[in-house]
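Understanding the architecture of this molecule
Next come the chains, spelled out residue by residue.
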Amino acid sequence: MSRTTPIPITAVPSGYRLRREILVPAREARLFEARRGEVIQLIDVRGQQVGDLMAWLVGSPHEYLSPSHTISCLARLVPRKGEELFSNHRRPLFRIREDTVGRHDLLVPCCDPERYARDFGQPDHPSCLTSIRAALRDAGVDWVPRGELAWNVFMNNVVAPDGAITTEAPPHGPGSYIELEVLEDLYVVLSACPQDLTPCNAFQPTEMGIRVFERAT
Ligand SMILES: [Zn+2]
């Protein structure tokens, strides 16, 4: 682990040791492999930042994390500690071990060039989908990401009783994290969302951190 890493210290899960640490620079994305039985932490470095996560089975790219199936399986809009996140075949892919934020969005797609073109007149604005495509290309991984497959980690979307959705600035601070048990061998890609035109990232996109832990014995 680099001594210069800005990723805040987090507790090492009991019985595990650090295998890999990744800094996701602001407005970029990174791909990594997570094996069944490992534990990953997604960490907000500076606070008020959203990460957009996609995941799919190694060797079976047609099965992937599905936010809509997760909502259906849980009968909840937001998963809680102890609950699982599901694939498009309703197979559990992650179990939430810890979550210091507790706010996530599984309803809306990640941001994409069309979002910035349609809603802000800025077709060349960085987007999660563009960042994720670049991360896959850099890693030589052939998988076609789709915006609706993104779990918007820490995103503070509020659903009103009349069905309206409002994006509010996330209130969580630096070092906030979610810890996930990995239930299958997965490819995982995380984007540090570059949205700076709404309160999504408090108008200031910053880095995300990833730690991957393997069993110590
Ligand atoms: Zn985004």
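As the structure is a computational prediction, the values presented were derived from the model and not from experiment. (Residues numbered from 1 in each chain as written. Predicted model: local features only at pLDDT ≥ 70, side-chain atom pairs only at ≥ 80, totals over all residues.)

This part covers the pairing of strand 7 (residues 92-99). Note that strand 6 (residues 84-86) and strand 7 share three bridges and pair antiparallel. In the strand pairing of strand 7, Leu-85 is matched with Phe-94. Connecting strand 6 to the antiparallel partner strand 7 that follows it, the hairpin turn spans five residues, and Arg-90 within it adopts a positive phi of roughly 60 degrees. The sheet contact formed by strand 7 and strand 12 (residues 177-182) spans five bridges and is antiparallel. Looking at strand 12, one finds that Asp-99 is bridged to Ile-178. (Pairing = 2+ DSSP bridges. Helix = DSSP H or I, 4+ residues; strand = E, 2+ residues; numbered from the N terminus.)

Our next topic: the sheet that holds strand 3 (residues 39-44). Pairing is antiparallel in the open sheet, where six strands are placed in the order 1-14-3-12-7-6. On the outer flanks of this sheet lie strand 1 (16-24) and strand 6, each paired with one strand and no other. Along the sheet, successive strands turn relative to each other by an average axial angle of 25 degrees, direction set aside. (Axes fitted to C-alpha atoms, helices over the stretch in contact; angles between N-to-C directions.)

Our next topic: unusual backbone geometry. Of note in this structure, Arg-90 is not a glycine but carries a positive phi near 60 degrees. Counting through the fold element by element, Arg-90 comes out in the loop between strand 6 and strand 7. Looking at Arg-90, the number of C-beta atoms within 10 Å reads 12, which means it is exposed. Positive phi outside glycine occurs at Phe-154, with the angle close to 70 degrees. Of note, Phe-154 is situated in the loop between strand 9 (151-153) and strand 10 (157-159). (Buried ≥ 20, exposed ≤ 12 C-beta atoms within 10 Å, placed from the backbone.)

As a further point, take the pairing of strand 3. The buried fraction of strand 3 is high, at six of six residues. Burial of strand 3 is two-sided: the residues Val-39, Gln-41 and Ile-43 facing one way and the residues Ile-40, Leu-42 and Asp-44 facing the other way are all buried. Relative to strand 12, strand 3 runs antiparallel, the two being bridged by five bridges. Bridging across to strand 12, Ile-40 finds its partner in Leu-180. Pairing between strand 3 and strand 14 (residues 208-215): six bridges, direction antiparallel.

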